[in-house]
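So the chains spell out like this:
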Amino acid sequence: MVPGLDGLVGDEVPVLLQQLDPGLPAPAYAHPGDAGADLVTRVDVTLAPGERAVVPTGVALALPEGYAAFVHPRSGLAARCGVSLVNAPGTIDAGYRGEVQVVLVNLDPRTPVHLQRGDRVAQLVVQRVERVRFVAVERLPGAARGAGGFGSTGGSAALSGGADAPTPASGAAAALEGI
Ligand SMILES: O=c1ccn([C@H]2C[C@H](O)[C@@H](COP(=O)(O)OP(=O)(O)OP(=O)(O)O)O2)c(=O)[nH]1
């Protein structure tokens, strides 16, 4: 048996984890019921306003087939410092064995952000993902929403003054008519 698998609780999914930097904590859930396990930065980094950086986390994973992990921002860093992820959420494929990286960005227009080695900078949400087969058709079946999107249901004053909603390219528009 792989070491560590004997301590599984309930329906926990075992995910093999390689700690590339033993001086850092493994990803951990802060509370029972949390969806995301916090990831730390392996390096000190300073982000000027608008600056981004690819930050290593000191961990590599072997997710089971049929699962993926998604790197999400931490809401506290986002709300207080303007720190987010350029590619939120980042996707960790089941077959990826490299170090998990976090693509941080400082969206604050004025204040630099200093992050120290060991700071929790993102969170990892592991989910089951379906593998699909794409079946090409000439026309899609109808649906209540149809092609409406990009604010078509309203609900915010800001939407009425914004830029025009994107329109489908002409070929796609023809195929969507009558849905
Ligand atoms: O935030 C992220 C996003 C991705 N990755 C790693 C794991 C993932 O499995 C791999 C590839 O990610 P993705 O498929 O998003 O990158 P791509 O730009 O499409 O590159 P590729 O051509 O390698 O798939 O990079 C990270 O470590 N952090």
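Please read all numbers here as calculations on a predicted model, not as lab measurements. (Residues numbered from 1 in each chain as written. Predicted model: local features only at pLDDT ≥ 70, side-chain atom pairs only at ≥ 80, totals over all residues. Heavy atoms only, no water.)

*Asks:* Tell me about the overall build of the protein chain, and name the residues and values.
*Replies:* Assigned secondary structure in the protein chain consists of three helices and 10 strands. Its helices and strands taken in sequence order, the protein chain reads β-β-β-β-β-α-β-β-β-β-β-α-α from the N to the C terminus. Considering only residue pairs separated by 6 or more positions, the protein chain has 69% of its internal contacts joining residues 24 or more positions apart. Put simply, the protein chain shows about 12000 Å² of open surface, and 54% of that area lies on carbon and sulfur atoms. (Helix = DSSP H or I, 4+ residues; strand = E, 2+ residues; numbered from the N terminus. Contact = heavy atoms within 4.5 Å. Areas by Shrake-Rupley, 256 points an atom, 1.4 Å probe, with all protein chains shown as cover.)

*Asks:* Tell me about the site of the ligand, residues and numbers included.
*Replies:* In the region of the ligand, the neighbouring residues are Asn87, Gly90, Thr91, Ile92, Asp93, Tyr96, Glu99, Val100 and Gln101. Between Asn87 and the ligand, the recorded distance is 3.0 Å, taken from a side-chain N or O atom to an oxygen atom. A distance of 2.8 Å is found between a nitrogen atom of the ligand and a backbone nitrogen or oxygen belonging to Gln101. In isolation the ligand offers 570 Å² of accessible surface; the protein chains occlude 48% of this area. Those elements that place two or more of their residues in the shell around the ligand are β7 (90–92) and β8 (99–106). (Near = heavy atom within 4 Å. Polar contact = N/O pair within 3.5 Å; in protein donor to acceptor, adjacent residues only side chain to side chain.)

*Asks:* Before we move on, can you summarise the side chain of Ser84 with the specific residues and values?
*Replies:* Along the polypeptide, Ser84 turns up in strand β6 (residues 83–85). Overall, Ser84 belongs to the buried group, its relative accessible area being 17%. Sequence-distant contacts of Ser84, that is, excluding residues within four places in its chain, are made with Pro73, Val103, Leu104, Val105 and Leu107. (Buried < 20%, exposed > 50% of the residue type's maximum accessible area, 1.4 Å probe, protein only.)

*Asks:* Can you explain the nonpolar core? Please cite residues and give values.
*Replies:* In terms of nonpolar packing, the biggest core is built from 23 residues, with Val71 and Leu104 touching the most fellow members. Among the secondary structure elements, those contributing two or more residues to this core are β3 (45–47), β4 (52–62), β5 (67–72), β6, β8, β9 (113–115) and β10 (120–128). The element contributing the most residues to this core is β4, with four residues. Sequence-distant contacts of Leu104, defined by excluding residues within four places in its chain, comprise Leu47, Glu51, Arg52, Ala53, Val55, Val83, Ser84, Leu85, Val86, Leu115 and Val121. (Core = buried A, V, L, I, M, F, W, Y, C linked by side-chain atoms within 4.5 Å.)

*Asks:* For the pattern of salt bridges, give the residues involved together with the corresponding values.
*Replies:* For the coordinates displayed, the defined rule picks out four salt bridges. Note that Asp38 and Arg74 form a salt bridge whose closest N and O atoms lie 3.7 Å from each other. In this pair, Asp38 is assigned in strand β2 (residues 37–40) and Arg74 in the loop between β5 and α1 (75–81), connecting sequence segments 36 residues apart. Of the charged contacts in the structure, one is a salt bridge between Arg120 and Asp38, with a shortest N-O distance of 2.7 Å. Here Arg120, found in strand β10, pairs with Asp38, found in strand β2; they are 82 residues apart in sequence, far enough to count as distant. It is possible to trace a salt-bridge network through shared partners that takes in Asp38, Arg74 and Arg120. (Salt bridge = Lys/Arg side-chain N within 4 Å of Asp/Glu carboxyl O.)

*Asks:* Requested: an account of the UniProt feature "binding site: substrate" (unreviewed entry) in the protein chain, with residues and values cited.
*Replies:* Feature annotation in UniProt assigns "binding site: substrate" (unreviewed entry) to the following positions: Arg74, Ser75, Gly76, Asn87, Thr91, Ile92 and Asp93. The annotated residues occupy 20 residues of the chain and do not converge on a single region, their most distant C-alpha atoms lying 26.2 Å apart. For Asn87, the position within the fold is in the loop between β6 and β7. Relative accessible area serves as the criterion here: at 38%, Asn87 is assigned to the partly exposed category. Turning to its location among the elements, Thr91 is positioned in strand β7. Not counting residues within four places of it along the chain, the set of residues in contact with Thr91 comprises Ala69 and Phe70. (UniProt positions renumbered as here; feature names shortened; annotations may be inferred.)

*Asks:* Could you give me a rundown of the UniProt feature "domain: dUTPase-like" (unreviewed entry) in the protein chain, with the residues and numbers involved?
*Replies:* Feature annotation in UniProt assigns "domain: dUTPase-like" (unreviewed entry) to the following positions: residues 25–154. Taken end to end, residues 25–154 has its terminal C-alpha atoms 45 Å apart, with 5% of it in helix and 38% in strand.

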